[in-house]
Structures are given as C-alpha cells and as structure tokens.
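One letter stands for each residue in the lines below.
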Amino acid sequence: MPIRELPAHLVNQIAAGEVVERPASVVKELLENSLDAGASRIEVELEEAGVKLCRVRDDGTGIPRDELALALARHATSKISSLEELEHVATLGFRGEALPSIASVSRLRITSRERSADSGFMLDGADCDGVSPAAHPPGTTVEVRDLFFNTPARRRFLRSERTEFGRVREVIERIALSRSSLALRITHNHRQILDLPAAVTPAELVDRVSRVCGREFTDNAIYVQRESGGMLLRGWLVRPVHARSQPDLQYMILNGRAIRDKLLAGAVRAGYRDVLYRDRWPAFVLYLDMDPAWVDVNAHPAKQEVRFREPGPVRDFVRRTVEAAIAEPAAAGVGPHDFGAHAASSVVARQSPLAFAMPVSPGRVREQLASYSRLAAPAAAEDHSAPLGYALAQLHGVYILAQNANGLVIVDAHAAHERISYERLKATVRQSSVQVQTLLVPPVLAVSEREAGQVEQHGELLERCGFLLSRVAPDRVAVRGIPALLTGVDPGMLVRELLPGLSGDLVLDDLLNVLDRVLAGSACHAAIRANRRLTIEEMNSLLRDMERTERSDQCNHGRPTLVALSMSELDQLFARGR
Ligand code: ADP
Ligand code: MG
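Just so it is clear, the structure is predicted and the values come from calculations on it, not from any experiment. (Residues numbered from 1 in each chain as written. Chains lettered and ligands numbered in written order. Predicted model: local features only at pLDDT ≥ 70, side-chain atom pairs only at ≥ 80, totals over all residues. Heavy atoms only, no water.)

**Here we look at empty space enclosed by the protein**
Line of reasoning, step 1. Summed over all chains, the structure comprises five cavities of 30 Å³ or more.
Line of reasoning, step 2. There is about 100 Å³ of room inside the largest cavity.
Line of reasoning, step 3. Along its surface, the largest cavity is lined by Val 89, Ala 90, Thr 91, Leu 92, Leu 254, Asn 255, Arg 257, Pro 292, Val 295 and Val 297.
Line of reasoning, step 4. Across the lining of the largest cavity, the residue classes break down as seven nonpolar, two polar and one charged.
Line of reasoning, step 5. When residues of the lining of the largest cavity are sorted by domain, at least three fall in each of domain 1 (8–196) and domain 2 (202–342). (1 Å grid on protein atoms, 1.4 Å probe; cavity = no way out; pocket = protein on both sides within 12 Å on 5 of 7 lines; lining within 4 Å. Points joined across faces, edges and corners; volume = space filled by probe spheres on them. Nonpolar A, V, L, I, M, F, W, Y, C, P; charged D, E, K, R; others polar. Domains from an automatic or database assignment.)

Below is the structure:
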C-alpha cells in the first residue's frame, strides 16, 4: 500500500481508542471540561450506563458561537498555547482530543451559550458546519448518544450495564471528592442516583466525604493537614485498626485532579507500615497540592497517571506526614479547619523540593549526624531534612550511592544497618519496650555451672533487654526468647557470645555495653549482608533511618558507615574548574 495521510475521521477514531475506552471515560472527559469551564453546578443524565445517552449540562463559561466547530476539531483547545504553558497547566484538559474523539464514535451534539450572549447555539457532531440557534441557559450541554455505534468491535468489549455503570459511578465519585464546591446531580435511567450540594463549611465537607465514602470511613478517620517545602497535604486517613482488606477506598487528588498513582499510594502505605497488619490496606481521601511545574500530567492519555520531576521528596513528604498523623492522632484533629476551595497556586513556591534539603558540608556530616538526637523535637525534624539525600544505585551489592544537596554520599549499607539495629535495641531497652521473639523450640546450651549461675543471677536484667533465658539443669541454659530486633541471628550463638560478659555485679548500662560488643559481632550476621541487592525504596528507607539514628555515621566496630563528597571535591578530583 502506498503511504498516505489518514482521513481526519479515522485519526479521531484511532485516538478514541485511547481516550474513550468505555462510557465512564466519556463521563470523565465531559465532567472535566465542565470543571475547566468554571462550572459550579453540573447535571448528568445517563441511560444504559451512558451507552445510550450521556448528557452533561453545566453552568460554566460557555463556548462562543464561532468556536463551537473548533471545539470538535482535533488538537483544538482553549487551555494551552505553548509548551511553557503545558508545563504549568492547571486545567484538567489540555490535549484537545476528547470532544473530537467522542464525536467520532458516537452521535454528539453540543449546545452552548456564553454568559455574555443573549442566546445559545447548537452544533451536531455529524455536521460540523451547521451551527444553529438554540434556547439554552448560560453554560454548555454536551449530549452523547449511541456510544460506539460505528465501532462494533469496541462495543463488544463493553461489559454488563451494571459493571459499566459501576465504573461511571467511580468516575463521578472521584470528581465529587476532587471538587467539593461543585454541586452535582446524577440520574441513571431516569432515576436520581446522587444529588450533592456544594460543600464549603467543614461540616459540609465531612458530610460530602461520608456520602461518597460511607459513614464508616469518616467516623473512623483522622484529619491531617501539613505544609512543607512548597507542598500541602490534607485530608482524611483511616485509623489503622479500621484498615481495609482491599485497596478500594483510596482517593488521591493532586492539584485538583483525581489520579491513580502507585508512588503516592505506596507512600501512604509506607506511612502505615509499622501499624498495619499484613494484607490490610489503608483507606484515605487525600489532597496534595504543589507547583504544577513539578508534575508532568501529560504522561497518560486519560491523565490518570502523573510523573513527578523529583519523586523522592514527594514520596518522603507524604510518607512522613501520614506516619506522623497516625502516630499522634490526637494532635491531628478530626475535621478540616482551613479547607478552602482548591487553589494549587496559593501554596506553591516556584522552587524545587530538593532545594529545601538541609545543606550539608562533607566535613560536617558526622557532626550533623551526631546531633540528630535533635530529632526528639519533631518540629525541627520535619520538612525535607534529607541530609543524606536520595539513593541512586547500589554498587556491587555493598555501597549505596546517594545524591544529596551537596553532592555524593556513599554508604556502607551493611555497616549502617548494623548500627541502626543496635541503636534501636538500646533505645527500646531504655524505654522498657523491647519486643521479644519467643522461640517455639528453645535451644538448650551446655554451659559451665558458673555461667548458668550468672544467667540466673542476672535473669531480670537480661529480660529487660529481651533475653528470656532459664537454667534448666545445673549446666544447661534454655533460650526461650531473644530481642525481636535480632530475629535472624542464631540465638544460641548470640547467647554464647553474651555469657562471658555476665560476670560480677552488672547494672543495665554494663549489660548494654556487653550487648554492644556482642552485637558488633552478631548483629553483622542479622544485618543486611553485603551482596544483598536492595531496592531504591529500601535504600532510601535505610538513609532515612540513618538520619534518625544516633551515631549512625559509624558502625558498631567504629568503622565509618558513610563518606560524603561535595560537588567541589568531585570537581577537584577531576581537575575541573568551576
Ligand atoms: P481539552 O479539554 O483538552 O481542551 P476537549 O476536546 O475536551 O479538549 O475540548 C475542546 C475545547 O472545547 C476546550 O478546550 C474548551 O475550550 C471547549 N469546551 C469543551 N467542553 C466545554 C464546556 N463544557 N464548557 C466550555 N467549553 C468547553
Ligand atoms: Mg477536555
């Protein structure tokens, strides 16, 4: 076949393959257009889940008569005019392909009246030249009939009316949550399905969330609101005990756009990490706002997925905010106090999130780390204090390479993990909150009678440190439990190494010193072994743990755990003048 240009209609039908997958996608595109037109009230009428009819009527700005035909032309949009504008786009649409795509696979009619005009006009999709006068209040009605009537293959892919309507409902609910100030009414097969008034006051907002997500959710949710580094996160998080068995109640609204994003959902889940049973999922309705320039929304034809320019700080901010809210639900409060209309631009500072990372000069890394016991004051510890930066890669399974504000940070993962385990154990011992891993089949060690006597003598102290040891014979000691933090270490070997240090009168600190020495050996076995591959996520969480851990710049053997090279040091290495 010779090369030739495809006719416009066919191009639109091909594009429709991506944009218009099912009736729910039509509803989504039409609702988004109404929102972009500044609508405060939208009415949706559906028949047969939107396949037979989907009519969306809004009170937005309307479309001028002479632009009606353009609205149906491919790549025609009023929302952006340059690449620069695309980078800061704040509207939901911008690709200019929804209406022409929908029109190519249905019978579409658009009727609109500009607010300033005294009459409306109508255009039939099939007849792009024929604009005719029509009675219409200010705003726009788009009517889509007989979806996929001319693309039978598509039509065959549709599921039952019930299933398709379920998807439509999901779309509508996501939009209802993403724009609380919007009044929304939906009918399906002439029955009213939803009638939501505009929500503005805190009580109205909570009411709206509970109408969409159920009382069960709002009754058991914590309200969170935190701003940091040019990002604002607010919304509701379910209390951990009410977590769900499926990830089916997770709404993330980024700059007013309901999105499905693995990174953000993962960050929320990570925030629940310590408090969630396995197989349980958090439920949340969260609003994240930031400079639109930090996000690429043009990563997906239906714009449900996004790409962050610097995902690390975003993920960290979300995870930390969630973690803190769950840790201190009392401080988090229950309802929104300052939950104005969506206004991404009011929050934004045109600055990269990483610019908020604390500056760390290489010579001062140790001092900085040593001073992290400041971390007791949560206020100061917030924001983007990621002095150790974000992981780039792992070198030969041993070293983590990370980039921070100043340059390069190299971390010995194995040594760092060892230090963190020990510091944690020490901290929990001091708070008397050591978790014990009891052993179903306690190993029995053959020891000297003197050693067995010492185990008896120091039983209480050992127990405070998480060691459950009992003398089962004059020269036998059974290991019934070890600190859960040391799970993975051979318990018998661990206790054997501990025994020689138990001589004489011991106080807790002495025992901790003994443990420190023991762990310098044993923790190494439990700690991340050299040559184990870590994911970027694991590496970042190790870096964050290091930042939180006292003395994490040296391992239990006193070797350094990290080396930092600033950009200027690197420049010098390469004899590169700056
Ligand atoms: P996009 O939303 O990406 O710009 P669409 O094909 O969805 O592309 O819409 C094309 C144009 O039609 C929009 O840019 C807008 O100017 C106009 N338009 C569509 N729907 C409406 C509406 N409900 N109210 C006002 N203008 C609309
Ligand atoms: Mg659009």
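**Digging into the layout of surface pockets**
Line of reasoning, step 1. Taken as a whole, the second largest pocket encloses approximately 740 Å³ of empty space.
Line of reasoning, step 2. Contributing to the lining of the second largest pocket are 35 residues, with Asn 33, Ile 63, Ser 78, Lys 79 and Leu 99 lying nearest its centre.
Line of reasoning, step 3. Among the secondary structure elements, those contributing two or more residues to the lining of the second largest pocket are α2 (23–36), β2 (53–58), α3 (68–71), α5 (98–104) and β6 (139–145).
Line of reasoning, step 4. A total of six residues in the lining of the second largest pocket trace back to one element, the largest contributor, which is α2.
Line of reasoning, step 5. Per-class residue counts for the lining of the second largest pocket are 16 nonpolar, 10 polar and nine charged. (Helix = DSSP H or I, 4+ residues; strand = E, 2+ residues; numbered from the N terminus.)

**Topic: the sheet that holds strand β12 (residues 257–259)**
In any sheet, the strands associate via hydrogen bonds between backbone groups, in a parallel or an antiparallel arrangement.
Line of reasoning, step 1. Spatial strand order, β9-β10-β13-β11-β12: five strands in an open sheet with mixed pairing. Each edge of the open sheet is held by one strand with a lone partner, namely β9 (221–228) and β12. Pairs of neighbouring strands in the sheet enclose a mean axial angle of 15°, with direction left out of account.
Line of reasoning, step 2. Pairing of strand β11 (residues 250–254) with strand β13 (residues 284–289), which is carried by five bridges, proceeds in the parallel orientation. Residue Gln 250 lies in a different strand from β13, and its bridge partner there is Phe 284.
Line of reasoning, step 3. The sheet contacts of helix α11 (residues 311–327) involve β9, β10 (231–238) and β13, and relative to β9 the element is tilted by about 135°. (Pairing = 2+ DSSP bridges. Axes fitted to C-alpha atoms, helices over the stretch in contact; angles between N-to-C directions. Contact = heavy atoms within 4.5 Å.)

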